[in-house]
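Listed below are the residues making up each chain.
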Amino acid sequence: MPRKSIINRSMLMVIASYCVGLLIVLALINYAGFSNVIGNIVNKISLQLFIVTFLLDLTGLILYASIWYTLILGSGAKISFRTAVTSTWASIFIVYLSPTGVAMEVLKLILTNKDGKVPIGRGMAALTMQRIIYSISFIMIATSSYLIVQYRYMIIGEMIGRIITALLAISIGTVIALLILGEKTEWIEKIISKVYERYRANIEKMLSKYNPTDIMNSVSSTLNDFKESFTKLKLNIWHLLIAFTLTTINWMTNVAILYVVLLSLGYKVSIWILMVIMVACEFVQMTPVAIPGMLGVIETVITMALQAFGVPLDVAATASVLTRLATFWFDLPVTAMAASYYGVKYLLKGMSKEAN
């Protein structure tokens with residue numbers, strides 16, 4: 001009964017969060033002029049546009065799974081591309097049910113371990129390297145787009161400059177911290193050991209069904225596997241280059257969607273300006289707002305940023321809504337299918353165990 005009430009409470013929170021996001025979107029459309037936005041959609045948008053944007057988004061989803069596949073192989077583990085896709089897409093779906101991306105990374109790691117038989121240590125190494133590569137790619141994109149837009153148009157305000165500077169500092173710090181983590185795994189082991197020794201009685205009480213010594217040995221083995229796999233990945237230049245290239249192209253798919261949408265609305269905006277806007281969206285996504293997928297928030301940021309760069313309010317609002325239609329609402333059913341695959345698969349496994 002308590003478990004059911006917790007599930008119901010969680011679902012209610014998700015539904016409430018979506019309602020808040022939808023209200024923000026509706027408020028944005030109303031502010032921009034409901035009739036203007038609807039008129040733009042009806043008069044200027046074609047079926048071909050939807051097909052192109054959906055294909056771009058699907059390409060981005062496949063690229064994101066391909067990065068995971070490449071890094072898992074580079075770590076020395078074996079995994080099928082199908083498993084890489086389903087585990088990645090199912091984990092993305094969690095983002096639309098939770099306001100944090102941490103759950104996505106943890107779930108991807110667990111599903112890859114269960115479905116692909118990839119050791120946790122190697123999965124952790126691939127996950128760490130993926131975050132490093134993403135941060136480096138982001139640093140290059142943010143820096144180049146900012147410098148080019150500032151040089152060519154001189155229209156980036158002080159606030160956006162500060163946001164980009166903060167993001168660059170965070171990204172550089174992330175790269176350094178993760179590289180140190182990969183090299184100094186023994187530090188983590190020492191911390192875990194000290195925590196275990198200090199709270200040994202409580203931990204053994206909590207894990208009374210298990211052998212604490214075996215658990216500590218398993219942790220030590222996983223950390224050693226992580227360090228070995230991380231070192232192997234660092235030396236595997238070919239896989240790193242492929243992953244970096246795929247990451248950069250994947251990042252550009254969202255920019256391309258916004259570019260195509262604006263073009264269909266009769267506005268040709270510099271791709272560099274759109275990259276700066278997406279960098280600003282990245283900053284917003286890092287803020288602890290309890291709305292899954294940042295529904296309503298990202299639409300508002302894109303609209304305000306486009307308006308700041310000279311795009312009329314109604315066109316900016318229309319472009320933001322249509323862009324999110326492809327990158328948010330299209331993602332939902334696609335990633336939900338992957339999530340439901342695991343739900344059905346593990347449900348059948350549980351039934352077969354009970355039958356035996």
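Each value, and the rule that gives it
- Residues numbered from 1 in each chain as written.
- Predicted model: local features only at pLDDT ≥ 70, side-chain atom pairs only at ≥ 80, totals over all residues.
- Heavy atoms only, no water.
- Helix = DSSP H or I, 4+ residues; strand = E, 2+ residues; numbered from the N terminus.
- Buried < 20%, exposed > 50% of the residue type's maximum accessible area, 1.4 Å probe, protein only.
- Core = buried A, V, L, I, M, F, W, Y, C linked by side-chain atoms within 4.5 Å.
- Contact = heavy atoms within 4.5 Å.
- Patch = residues over 30% accessible without salt bridge, like charges linked within 9 Å, V, L, I, M, F, W, Y side chains within 5 Å.
- Areas by Shrake-Rupley, 256 points an atom, 1.4 Å probe, with all protein chains shown as cover.
- Salt bridge = Lys/Arg side-chain N within 4 Å of Asp/Glu carboxyl O.
- Phe/Tyr/Trp six-rings, centres within 6.5 Å; stacked < 30°, edge-to-face > 60°.

A.B. asks: Would you mind going over the environment of A305 with me for this structure?
C.D. replies: Relative to the helices and strands, A305 is located in helix 13 (residues 297-308). Here A305 falls in the buried class, since its relative accessible area comes to 14%.

A.B. asks: Any chance you could explain the nonpolar core here in plain terms?
C.D. replies: Counting 68 residues, the largest nonpolar core has W89, L258, L262, L274, I277 and L306 as its most contacted members. Sequence-distant contacts of W89, defined by excluding residues within four places in its chain, comprise L58, L61, I62, A65, V334, T335 and A338. W68, L127, M129 and A243 belong to the second-largest nonpolar core, a separate cluster that totals 23 residues.

A.B. asks: Help me understand a nonpolar patch on the surface, please; the structure alone is not making it clear to me.
C.D. replies: Residues M11, L12 and I15 make up a contiguous nonpolar surface patch of roughly 300 Å² in combined accessible area. Tracing the backbone through its elements, the reader meets I15 in helix 1 (residues 2-32). A residue is classified by how much of its surface remains accessible, and I15, at 45% relative accessible area, is partly exposed.

A.B. asks: Help me understand the packing of aromatic side chains, please; the structure alone is not making it clear to me.
C.D. replies: Both the distance between ring centres and the angle between the ring planes are used here to describe each pair of aromatic rings. Applying the stated rule across the entire model yields 7 aromatic pairs. On the numbers, 6.0 Å between centres and 35° between planes, the contact of F50 with F54 is tilted. Note that F50 and F54 are positioned in helix 3 (residues 47-74) at a spacing of 4 residues, about one turn of the helix. F50 gets classed as partly exposed once you look at its relative accessible area, which sits at 25%. Geometrically, the ring pair formed by F328 and W329 is edge-to-face, given 4.8 Å between the ring centres and 85° between the ring planes. The exposure class assigned to F328 is buried, which follows from its relative accessible area of 0%.

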